[in-house]
Amino acid sequence: MPPPPPPAPPRVPPHLLPGDRVAVAAPAGPVDPALLARGTALLTSWGLEVTVLPHVHDRHLGHLAGRDHDRAADLTEALADPAVRAVFCARGGYGTQRTVDLVDWARLADAPPTVLAGSSDVTALHEACAVRLGTTTVHSPMPATAALTDHPANAAHLHEVLFQPEKVTELPLGAAPLSGGTAEGRLAGGNASLLAASIGTPTALPPDGCLLLLEETGEEPYRLDRILTQLLRAGVLDRAAGIVLGDFTDCGDPDEVRALLADRLGHLGVPVAAGLPAGHGELQLTVPLGTRARLTPAALRLLEPPLAARPVADHPPEAVRCAS
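Note that the structure is a prediction, hence the values are computed from the model and not measured.

S.K.: Describe the environment of Ala65, and please don't skip the residues or the numbers.
M.R.: For Ala65, the location among the structural elements is in the loop between strand S2 (49-52) and helix H2 (68-80). Considering only alpha carbons, one finds Ala65 and Gly93, 28 residues apart in sequence, at a separation of 9.7 Å. Ignoring sequence-local partners within four residues, the contact set of Ala65 consists of Ala26, Ala28, Gly29, Pro30, His55, Val56, Asp58, Arg59 and Arg71.

As structure tokens, this is what we get:
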């Protein structure tokens, strides 16, 4: 029997330009209006035309940003609109898993690819976009969080990925690897507990041959052990070409966390790099998911631009004015 054909290359959204229209959605937890106002002001300062979607300020059950169908409808409308160049998830928290099966993926499959930016609970949406649409996405700080509004380095890196992706060629690794070596693959993953929670669902991303990003927050070592063990028992971790460890924020003593990670991941026989400033730490670099990269002990080198080039005919009027 011949080997299966290689997977199709992902659909890569085009980069942003001043004058582009973008949308802010709330697929997860309720949004702080003051933080959101600061975040939208930042996006506006980048020359973007920002639309806050209709249900962003809703609340439901105390821990959700509105009812599931409303949040999913916001996502569908924004991602299907060819005039919307990017959808920024306002914040994480909890709730994205409740929306992913309600999004109209069949409709979105016929729409041009759109940048989707977010992290934490948005991991469920990153997986769904990869599985349902075959699109790359952006693991990034979010506009209704202090991680974006109060940290210029985080904002600057996200801006560069979105507007000048050809300049983003490397992400640093600030800690010694748990297991040395090099590997190549497409970046995938995100929040470890969300990846574990998606196992067995229709939108769980097969990790075969990928470089798997893992990060976490607020999980004590025994709970983190449980999350990693579930990923191991489900055969997720041993199918990756390499593992990239981001921040494990507020997860207990750092030495204890590192020892646990070494215990659970060190036997996989693949490179396990550490110290990528991504996740829930103070420095949150933007990680392009779906982009092909090379993992070394010191850096994560991108082998292709995170976003696609824009033809001149596709430039909005504001971009033309800025260029002239």
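S.K.: A description of the side chain of His60 should follow, citing residues and the corresponding values.
M.R.: For His60, the location among the structural elements is in the loop between S2 and H2. With a relative accessible area of 16%, His60 lands in the buried category. Contact partners of His60, with chain neighbours within four places excluded, come to Gly66 and Arg67.

S.K.: An account of the sheet that holds strand S4 (residues 115-118) is needed here, citing residue identities and associated values.
M.R.: Read from one edge of the open sheet, 6 strands run S2-S1-S3-S4-S5-S12, paired in mixed fashion. Lying at the two open borders of the sheet, with one neighbouring strand each, are S2 and strand S12 (287-289). Ignoring strand direction, the axes of neighbouring strands in this sheet form an average angle of 25°. In terms of strand pairing, S4 meets strand S5 (residues 137-139) through 2 bridges, oriented parallel. Looking across to S5, one finds that Ala117 is bridged to Val138. Packed on one face of the sheet, helix H1 (residues 33-45) meets strand S1 (21-25), S2 and strand S3 (84-89) and runs near 155° to S2.

S.K.: With reference to specific residues and values, describe the pairing of strand S9 (residues 211-217).
M.R.: Judged by how many residues are buried, S9 sits mostly within the fold: 6 of 7 residues are covered. In this structure, strand S8 (residues 183-191) lies alongside S9, joined through 5 bridges in parallel fashion. Bridging across to S9, Gly189 finds its partner in Leu213. Two elements, S9 and strand S10 (residues 242-249), share 6 bridges in a ladder whose sense is parallel. Bridge pairing in S10 places Leu214 opposite Leu245.

S.K.: So what's going on with the state of the cysteines? Which residues, and what values?
M.R.: By definition, a disulfide links the sulfur atoms of two cysteine residues through a covalent bond. Under the counting rule described, the total for this entry stands at 0 disulfides. Lacking any disulfide linkage, Cys89 is separated from the closest cysteine sulfur, that of Cys129, by 8.5 Å.

S.K.: Give a detailed account of the packing of aromatic side chains, specifying residues and quantitative values.
M.R.: Enumeration over the complete set of coordinates arrives at 1 aromatic pair. Where Trp46 meets Phe163, the ring centres are 6.2 Å apart and the plane angle is 85°; that geometry is what we call edge-to-face. Highlighted residues: Trp46 in the loop between H1 and S2 and Phe163 in helix H7 (residues 152-163), separated in sequence by 117 residues. Of the residues examined, Phe163 reaches a relative accessible area of 8% and is grouped as buried.

Basis of the calculations
- Residues numbered from 1 in each chain as written.
- Predicted model: local features only at pLDDT ≥ 70, side-chain atom pairs only at ≥ 80, totals over all residues.
- Heavy atoms only, no water.
- Helix = DSSP H or I, 4+ residues; strand = E, 2+ residues; numbered from the N terminus.
- Contact = heavy atoms within 4.5 Å.
- Buried < 20%, exposed > 50% of the residue type's maximum accessible area, 1.4 Å probe, protein only.
- Pairing = 2+ DSSP bridges.
- Axes fitted to C-alpha atoms, helices over the stretch in contact; angles between N-to-C directions.
- Disulfide = S-S within 2.5 Å.
- Phe/Tyr/Trp six-rings, centres within 6.5 Å; stacked < 30°, edge-to-face > 60°.

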